[in-house]
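The primary structure of each chain is shown beneath.
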Number of protein chains: 2
Amino acid sequence: MTVWDRPEPPTRPAPLDRERIVAAAIALADEGGLEAVSLRKVAARLDVGPMRLYGYISTKEELFDLMVDEVYAEILPEEQPGDWRETLRILAHRTRQAALRHEWLADLLGGRPTLGPNALAVTEATLAALDGLADLDTVMRAVETVSAYFTGAIRREIANLRAERATGLSKRDWQRAYGPHLMRMLATGRFPALAKAVHDGTEVDAEASFATGLDWVLDAVAAKLARPPA
Amino acid sequence: MTVWDRPEPPTRPAPLDRERIVAAAIALADEGGLEAVSLRKVAARLDVGPMRLYGYISTKEELFDLMVDEVYAEILPEEQPGDWRETLRILAHRTRQAALRHEWLADLLGGRPTLGPNALAVTEATLAALDGLADLDTVMRAVETVSAYFTGAIRREIANLRAERATGLSKRDWQRAYGPHLMRMLATGRFPALAKAVHDGTEVDAEASFATGLDWVLDAVAAKLARPPA
DNA sequence: TCTTAGTAAAATACAGTGTATCGACATGAG
DNA sequence: CTCATGTCGATACACTGTATTTTACTAAGA
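Cut-offs and rules
- Residues numbered from 1 in each chain as written.
- Chains lettered and ligands numbered in written order.
- Predicted model: local features only at pLDDT ≥ 70, side-chain atom pairs only at ≥ 80, totals over all residues.
- Heavy atoms only, no water.
- Near = heavy atom within 4 Å.
- Polar contact = N/O pair within 3.5 Å; in protein donor to acceptor, adjacent residues only side chain to side chain.
- Helix = DSSP H or I, 4+ residues; strand = E, 2+ residues; numbered from the N terminus.
- Buried < 20%, exposed > 50% of the residue type's maximum accessible area, 1.4 Å probe, protein only.
- Arc of directions from axis to C-beta.
- Phe/Tyr/Trp six-rings, centres within 6.5 Å; stacked < 30°, edge-to-face > 60°.
- Lys NZ or Arg CZ within 6 Å of the ring centre and 35° of its normal.
- Nonpolar A, V, L, I, M, F, W, Y, C, P; charged D, E, K, R; others polar.
- Contact = heavy atoms within 4.5 Å.
- Buried area = accessible area lost by both parts, 1.4 Å probe.
- Salt bridge = Lys/Arg side-chain N within 4 Å of Asp/Glu carboxyl O.
- Least-squares fit on C-alpha atoms with pLDDT ≥ 70 in both.
- UniProt positions renumbered as here; feature names shortened; annotations may be inferred.
- pLDDT = per-residue confidence, 0-100.
- Axes fitted to C-alpha atoms, helices over the stretch in contact; angles between N-to-C directions.
- Parallel < 35°, antiparallel > 145°, perpendicular 65-115°, else oblique.
- Left-handed = near helix turned anticlockwise from the far one by under 90°.

## Overview of the protein's contact with DNA strand C
All names here are of chain A.
Link 1 in the chain: Of all residues adjacent to DNA strand C, which total 14 residues, the nearest are Arg 40, Met 51, Tyr 54, Thr 59 and Lys 60.
Link 2 in the chain: Among all atoms of DNA strand C positioned within 4 Å of the protein, those belonging to sugar or phosphate total 55%.
Link 3 in the chain: Lys 60 has a polar side-chain atom sitting 2.9 Å from a phosphate oxygen of DNA strand C.
Link 4 in the chain: The element best represented in the surface near DNA strand C is helix H2 (residues 39–45), accounting for three residues.

See below:
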């Protein structure tokens with residue numbers, strides 16, 4: 001269980017603190033993905049023995065939590081002038097952009113409850129934007145539905161992006177080149193609808209399709225908020 | 001890159017094959033979570049040296065892919081009589097139930113493109129159910145939006161479930177007991193909307209809220225399918 | 001039948017991981 | 001000056017995924 005309150009730093013010198021540790025970990029993850037983050041490498045980047053970190057962090061999982069919360073600071077919009085719909089849309093897009101900057105975020109998104117101060121601030125801002133528009137249950141459902149959508153969509157987008165990168169091909173070609181396997185599968189005739197989709201599918205812009213799906217979900221939420229409880 | 005086609009098994013005896021390996025790995029994961037799955041433990045469970053496994057799988061990631069595809073076999077509905085909406089709803093619920101049986105699935109869901117035979121069969125069935133209801137782009141958007149929703153929702157549900165289990169408390173109490181930290185945060189007055197939500201929030205049934213959000217999304221999809229392209 | 005070639009399996013090896021523990025050292029109190 | 005405290009570094013342990021080497025056995029050729 002992550003303890004979000006920073007313990008007192010060691011009494012005297014120590015040019016080391018949580019923020020520097022987290023920053024180093026994020027840098028490592030940005031460069032080489034989550035699996036490039038090891039306590040030893042983080043410590044090395046700070047010119048410090050690995051065990052020093054345990055004065056500030058009690059487990060690697062906790063470090064991940066802190067990294068995620070740090071990114072939530074980037075996600076939190078500076079001002080939110082618009083209505084609830086604009087607030088949710090912006091939140092979704094900012095989360096997506098953060099995940100594009102820090103792809104490892106996709107691996108962590110939704111993996112555990114987000115209770116860091118920045119994540120709480122994001123939740124607060126979101127709830128505030130919906131406050132009073134419906135009963136609390138409906139508001140919660142709305143927030144959770146929208147965030148379930150963009151969480152899932154972001155994960156899939158990053159997953160596809162990585163797969164494309166691994167083969168070095170555009171999505172259209174990717175399906176054609178994804179080893180002989182997929183083509184053989186399609187050639188069996190057991191997947192006619194899929195085959196048609198692969199064959200006729202146009203190359204879609206990831207951001208556009210994210211935005212479209214988001215709008216659909218927001219439409220649904222709007223309909224439920226209008227007509228409060230069932 | 002996972003090779004989905006099984007290589008020829010070793011010529012003679014070998015009571016070992018991919019299926020047994022995957023079954024052992026799934027059993028391990030069901031018992032102790034994904035991090036309890038190590039190639040050494042899988043091999044030990046099959047009374048075999050660790051290196052034997054590399055005759056059937058080429059990397060641990062590949063083993064995970066195979067595990068996921070195996071679960072997709074549970075997810076694929078035996079028959080699908082209903083309309084597209086029923087098909088999507090059933091898919092979502094079956095995926096959720098599979099994740100409740102195999103919690104580790106939540107860690108893998110959406111993490112990488114699913115191209116195993118069973119996953120393809122699921123995709124095929126889904127696309128077939130929507131075939132002809134709108135242009136292909138719209139259909140794809142519909143499928144992806146719905147699956148983004150339930151993927152995200154399932155991940156969050158499992159994450160919360162684990163957090164509750166870790167403290168051994170119901171959700172209501174959980175918020176109250178989640179260390180002094182959260183309460184202190186709320187007591188600061190910086191999160192009034194959140195505080196109200198925590199205070200007034202009723203204990204909601206996870207399945208019900210999953211289903212409700214799903215219905216909202218399906219409503220949105222229905223609206224778009226009715227009025228084909230913009 | 002004996003030898004040899006080839007292959008499947010096991011054993012060993014390596015470079016790394018998260019984290020516990022212990023020993024030295026420096027700093028403050030008496 | 002002595003002693004206690006408590007931080008830091010080094011060392012240690014149990015484990016990981018996987019490469020490489022060694023062994024065992026099986027089948028073919030002479």
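Here the narrative resumes, following the displayed structure.
## Section: helix H10 (residues 192–200) of chain A
All names here are of chain A.
Link 1 in the chain: Within H10, the full set of buried residues consists of Ala 193, Leu 194, Ala 197 and Val 198. Down the axis, H10 shows its buried residues gathered within 135° of arc, on one side only. Residues of H10 that are exposed and angled more than 90 degrees away from the buried face: Pro 192 and His 199.

## Quick look at the packing of aromatic side chains
Link 1 in the chain: In this structure the tally under the stated criterion is two aromatic pairs over all chains.
Link 2 in the chain: A cation over an aromatic ring shows up here: A:Arg96 above the ring of A:Phe210, its NZ or CZ 5.6 Å from the ring centre.

## Comments concerning the protein's contact with DNA strand D
Link 1 in the chain: Lining the immediate environment of DNA strand D, one finds 13 residues, of which A:Arg52, B:Arg40, B:Met51, B:Tyr54 and B:Lys60 sit closest.
Link 2 in the chain: Contact between DNA strand D and B:Tyr54: a phosphate oxygen at 2.8 Å from a side-chain N or O atom of the residue.
Link 3 in the chain: When residues in the surface near DNA strand D are grouped by element, the largest group, three residues, is from helix H2 (residues 39–45) of chain B.
Link 4 in the chain: Of the residues belonging to the surface near DNA strand D, the class tally is five nonpolar, two polar and six charged.

## Section: the environment of B:Ala206
Residues and elements named next belong to chain B.
Link 1 in the chain: With respect to the secondary-structure elements, Ala 206 resides in helix H11 (residues 206–226).
Link 2 in the chain: In sequence terms Ala 206 and Glu 157 are 49 residues apart; their C-alpha atoms lie 7.1 Å from each other.
Link 3 in the chain: With residues near it in sequence (within four places) discarded, Ala 206 still touches Arg 96 and Glu 157.

## Let's talk about the interface of chain B and chain A
Link 1 in the chain: Counting residues at the interface gives 66 residues for chain B, matched by 67 residues for chain A.
Link 2 in the chain: With both chains or domains summed, chain B and chain A bury close to 5400 Å², and 67% of this area falls on carbon and sulfur atoms.
Link 3 in the chain: Our count for the chain B to chain A interface comes out at four salt bridges.
Link 4 in the chain: Linking chain B with chain A are 18 residue pairs in polar contact (both at pLDDT 80 or more).
Link 5 in the chain: Residue assignment for the side of chain B that touches chain A shows that the elements contributing at least two residues are helix H5 (104–108), helix H6 (117–130), helix H7 (136–167), helix H9 (179–187), helix H10 (192–200) and H11 of chain B.
Link 6 in the chain: The element that contributes the greatest number of residues to the side of chain B that touches chain A is H7(B), accounting for 20 residues.
Link 7 in the chain: Tallied by class, the residues present in the side of chain B that touches chain A amount to 35 nonpolar, 15 polar and 16 charged.

## Digging into the environment of B:Leu53
All names here are of chain B.
Link 1 in the chain: Here Leu 53 lies in the loop between H2 and helix H3 (60–75).
Link 2 in the chain: Residue Leu 53 is classed as buried on the basis of its relative accessible area, which comes to 0%.
Link 3 in the chain: It is 8.9 Å that separates the C-alpha atoms of Leu 53 and Asp 17, two residues lying 36 residues apart in sequence.
Link 4 in the chain: If sequence neighbours within four positions are ignored, Leu 53 has contacts with Ile 21, Leu 39, Val 42 and Ala 43.

## Describing the relation of the copies chain B and chain A
Link 1 in the chain: Overlay of chain B on chain A (RMSD 0.0 Å): rotation 180°, translation along the axis 0.0 Å. Each copy turns onto its partner about a two-fold axis.
Link 2 in the chain: A share of 100% of the interface residues of chain B reappears at the interface of chain A, consistent with the copies meeting face to face through the same patch.

## Concerning the UniProt feature "DNA-binding region" (unreviewed entry) in chain A
Link 1 in the chain: In the numbering used here, UniProt assigns the feature "DNA-binding region" (unreviewed entry) to residues 38–57 of chain A.
Link 2 in the chain: Across residues 38–57 of chain A one finds 35% helix and 0% strand; the C-alpha atoms that close the span lie 13 Å apart.

## A few points about the confidence of the model for chain A
As a note on interpretation, predicted positions should not be read in detail where pLDDT is low.
Residue and element names in this part refer to chain A.
Link 1 in the chain: On average, residues of chain A score 89 in pLDDT, and 88% of them are at 70 or above.
Link 2 in the chain: When pLDDT is averaged over each element of chain A, helix H5 (residues 104–108) comes out on top at 98 and helix H8 (residues 171–177) at the bottom at 55.
Link 3 in the chain: Here residues 9–14 is a poorly scored stretch, pLDDT under 50, and it has three contacts once near neighbours within four places are set aside; other chains count.

## Focus: the packing of helix H11 (residues 206–226) of chain A against H7(B)
Axes are the key here: two packed helices are described by the angle between their axes and the distance separating the axes.
Link 1 in the chain: At a closest axis distance of 10 Å, the pairing of H11(A) and H7(B) adopts a crossing angle of 70°. In terms of axis orientation, H11(A) runs roughly perpendicular to H7(B). In the packing of H11(A) onto H7(B), the handedness of the crossing is right-handed. Packed against H11(A), whose contacting residues are A:Ala208, A:Ser209, A:Thr212, A:Gly213, A:Trp216 and A:Val217, the element H7(B) presents B:Thr138, B:Arg141, B:Ala142, B:Glu144 and B:Thr145 at the interface.
Link 2 in the chain: Tallied by class, residues from the contact of H11(A) with H7(B) come to four nonpolar, five polar and two charged.

## Some points on the pattern of salt bridges
Link 1 in the chain: For the structure on display, the rule yields 34 salt bridges over all chains.
Link 2 in the chain: A salt bridge links A:Arg96 to A:Glu207; the nearest nitrogen and oxygen atoms lie 3.9 Å apart. Separated by 111 residues along the polypeptide, A:Arg96 in helix H4 (residues 84–101) and A:Glu207 in helix H11 bring together distant segments of the chain.
Link 3 in the chain: Note that B:Asp215 is salt-bridged to B:Arg85, the shortest N-O span being 3.7 Å. With B:Asp215 in helix H11 and B:Arg85 in helix H4 (residues 84–101), this pair connects stretches of sequence that are 130 residues apart.
Link 4 in the chain: Overlapping salt bridges, with partners in common, bring together A:Arg85, A:Glu86, A:Arg89, A:Asp215, A:Asp219 and B:Lys224 in one network.

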